[in-house]
Amino acid sequence: MTPLSPATVAWYRARGERWLREHAAVTWERPSRGLHVFGLGVAVRIAGPRGEGFAAARNAVTDLLQRLDVASTAVRPLIFAGASFDPGAPHRDPLWDVFGGWQVLLPAITIIREGDRWSGIACAGDFPLPQEAPASPAGEADRETLAGAIAEAVREIRAGRYEKVVLAGSRSAPLGGVTPADVLARLAAAFPTCSVFSFRAGGSTWLGASPEPLAGVSAGRVELVSLAGSRRRGASPDLDRQLELDLLGSPKERWEHRLVVEAILCEAGELVSGLHVPPEPSVMKLANIQHLYTPITGRLAPGAGLLDLVERLHPTPAVGGWPRPAALDAIRRLEGMDRGWYAGPIGWVDPAGDGEFVVGLRTALLSSGAARLYAGAGIVADSTPAAELDEIESKLDALRGVIAR
């Protein structure tokens, strides 16, 4: 493992960020923080079958970190990992086969831009030729089918079978010549406070702009987030403020949000000390939607790490439901589609244990000239199919607009 020389870094910098996105096997960008990471080529790629999930990815990352020789490296290599939402899901969409249940990727060359500072590191690896993407199968749940699933979930919740479940749908959209690099650049511009990512496998690209951190660690400091409860953005400042106040004052949305906070505190309690939680949520505003938002901070407990947190927290009630086992059972019975990596954990970790993982939301799978878009909504006792379907469509619009622009 060798840090790149200033001249080599300058060569890559001169290619431009669009070129880097176009040629990268994996990217990770936090525009509002000035962080842009481009992983080119493959030094190590490890993948697991569809029946495995993040637990197996965690073991693979741990083994790889133990094999890396980074004692004399000024620039830390980043190991990327992604996994499916539910390795036990009964449905299998062939579109997801090239990703498997999980993957771990160490790029051959990593270019890092932090503000105006550029750096890079090289690992032994190769640069495989582009593969042909698999055909995109037809078949997606229509609005009536999803409305029926939501209505059934409400009946089951009112019968006391569980408290909340998140049901999702997918839609296809033609790319019309738009490339993954185009979509990534547009996402970075439209959603600068989100984590904009891409992960390529077998000619397909999984990408998105996630507003929802799952867990982040920096020098032992832990950052967690509850993001649940939403309203669309208003067409005018006055309407936008009215929708914000409606969100803050909604007992349904506040209860749903508090459920996520309490679940995070319960699951992370053994791994994080000194947890700090604001007494009231604030509102996170994105281009097309606004959410109730509660940041949670603390310190890693002795012996705990970022990967432990990710494994413990996923899936949160914000993307699965609560209680977790009953909610997962409901998703498997009612949703009728293969989520693949949608709402699964994706992120990176370095040899020092620092890194960040997000929930794979506001996402699309690009393959063979088309994009498969995914979005979901939290269903509780007071939910109505029409309102939840509108929320799903609003979330889908975030990527529809970027692709069609």
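For clarity, every value in this text was computed on a predicted model and none was experimentally measured.

## Concerning the overall build of the protein chain
When helices and strands are tallied, the protein chain shows 10 helices and 21 strands. What you see for the protein chain is a C-alpha radius of gyration of 20 Å, in line with the 22 Å of a compact globule of 405 residues. Over its C-alpha atoms, taken along the principal directions, the protein chain stretches across nearly 60 × 50 × 45 Å. Evaluated residue by residue, the protein chain yields a buried proportion of 59% over its 405 residues. Within the protein chain, counting contacts between residues at least 6 apart in sequence, those at least 24 apart form 76% of the total. By element, 53% of the accessible surface of the protein chain is carried by carbon and sulfur atoms, the whole surface being about 15900 Å².

## Overview of the confidence of the model for the protein chain
Per-residue pLDDT for the protein chain has a mean of 92; in total, 96% of the residues score no lower than 70. Within the protein chain, the element-level pLDDT minimum falls on strand β1 (residues 2–3), averaging 88, and the maximum on strand β5 (residues 79–83), averaging 98.

## Brief notes about the environment of K164
Counting through the fold element by element, K164 comes out in strand β9 (residues 164–174). A sequence separation of 95 residues divides K164 from L259, and the C-alpha atoms of the two residues are 9.0 Å apart. Among the polar contacts made by the side chain of K164, one reaches the main-chain carbonyl oxygen of P317 at a distance of 3.0 Å.

## Some details on the packing of aromatic side chains
Applying the stated criterion across every chain yields a total of 12 aromatic pairs. Each ring, one from W11 and one from Y12, has its centre 5.0 Å from the other, and the planes form 90 degrees; the classification is edge-to-face. Owing to a relative accessible area of 46%, W11 belongs among the partly exposed residues under this scheme. Centroid distance W206 to Y374: 6.1 Å. Interplanar angle 75 degrees. Geometry classified as edge-to-face. In this pair, W206 sits in strand β11 (residues 204–210) while Y374 sits in strand β21 (residues 370–379), placing the two residues 168 residues apart along the sequence.

## Quick look at unusual backbone geometry
With an omega of -10 degrees, the peptide bond between H314 and P315 qualifies as cis. In this structure, P315 sits in the loop between α8 (306–313) and β17 (321–322). A cis amide bond links W322 to the next residue, P323, at an omega of -5 degrees. Even without glycine at this site, A219 takes up a positive phi of about 50 degrees. Here A219 is to be found in the loop between β12 (213–218) and β13 (221–232).

## As for the pattern of salt bridges
The tally for this structure, following the rule as stated, stands at 40 salt bridges. R241 serves as the salt-bridge partner of E244, at 2.9 Å between the closest nitrogen and oxygen. In this pair, E244 and R241 are both assigned in helix α6 (residues 237–249), three residues apart and thus about one turn of the helix distant. According to the relative accessible area criterion, R241 is partly exposed, its value standing at 42%. Put simply, K285 and E244 hold a salt bridge, and the shortest N to O gap is 3.1 Å. Remark: E244 occurs in helix α6 and K285 occurs in strand β15 (residues 282–285); sequence separation between them is 41 residues. Taken together, the salt bridges that share partners define one network made up of K164, R231, D246, K252, E253, E256 and E388.

## Notes on the environment of A7
With respect to the helices and strands, the residue A7 is situated in helix α1 (residues 6–15). Distance in space between the C-alpha atoms of A7 and F199 is 27 Å, their sequence separation being 192 residues.

## Quick notes on the sheet that holds strand β20 (residues 363–367)
The strand order across the open sheet formed by 11 strands is β1-β8-β7-β3-β2-β10-β11-β20-β21-β9-β17, and the pairing between neighbours is antiparallel. The sheet terminates laterally at β1 and β17, the two strands that pair on one side only. Relative to the sheet, helix α4 (residues 143–158) contacts β9 and β21, its axis offset from that of β9 by approximately 175 degrees. Against the sheet, helix α10 (residues 385–404) makes contact with β9, β20 and β21, and its axis sits at roughly 150 degrees relative to β21, the strand it touches most.

## Points about α8
The buried fraction of α8 amounts to six of the eight residues, a majority that puts the element mostly inside the structure. Restricting attention to buried positions, one finds in α8 the residues L306, L307, D308, L309, V310 and L313.

Rules of the game
- Residues numbered from 1 in each chain as written.
- Predicted model: local features only at pLDDT ≥ 70, side-chain atom pairs only at ≥ 80, totals over all residues.
- Heavy atoms only, no water.
- Helix = DSSP H or I, 4+ residues; strand = E, 2+ residues; numbered from the N terminus.
- Rg over C-alpha atoms; globule rule 2.2 N^0.38 Å.
- Buried < 20%, exposed > 50% of the residue type's maximum accessible area, 1.4 Å probe, protein only.
- Contact = heavy atoms within 4.5 Å.
- Areas by Shrake-Rupley, 256 points an atom, 1.4 Å probe, with all protein chains shown as cover.
- pLDDT = per-residue confidence, 0-100.
- Polar contact = N/O pair within 3.5 Å; in protein donor to acceptor, adjacent residues only side chain to side chain.
- Phe/Tyr/Trp six-rings, centres within 6.5 Å; stacked < 30°, edge-to-face > 60°.
- Salt bridge = Lys/Arg side-chain N within 4 Å of Asp/Glu carboxyl O.
- Pairing = 2+ DSSP bridges.
- Axes fitted to C-alpha atoms, helices over the stretch in contact; angles between N-to-C directions.

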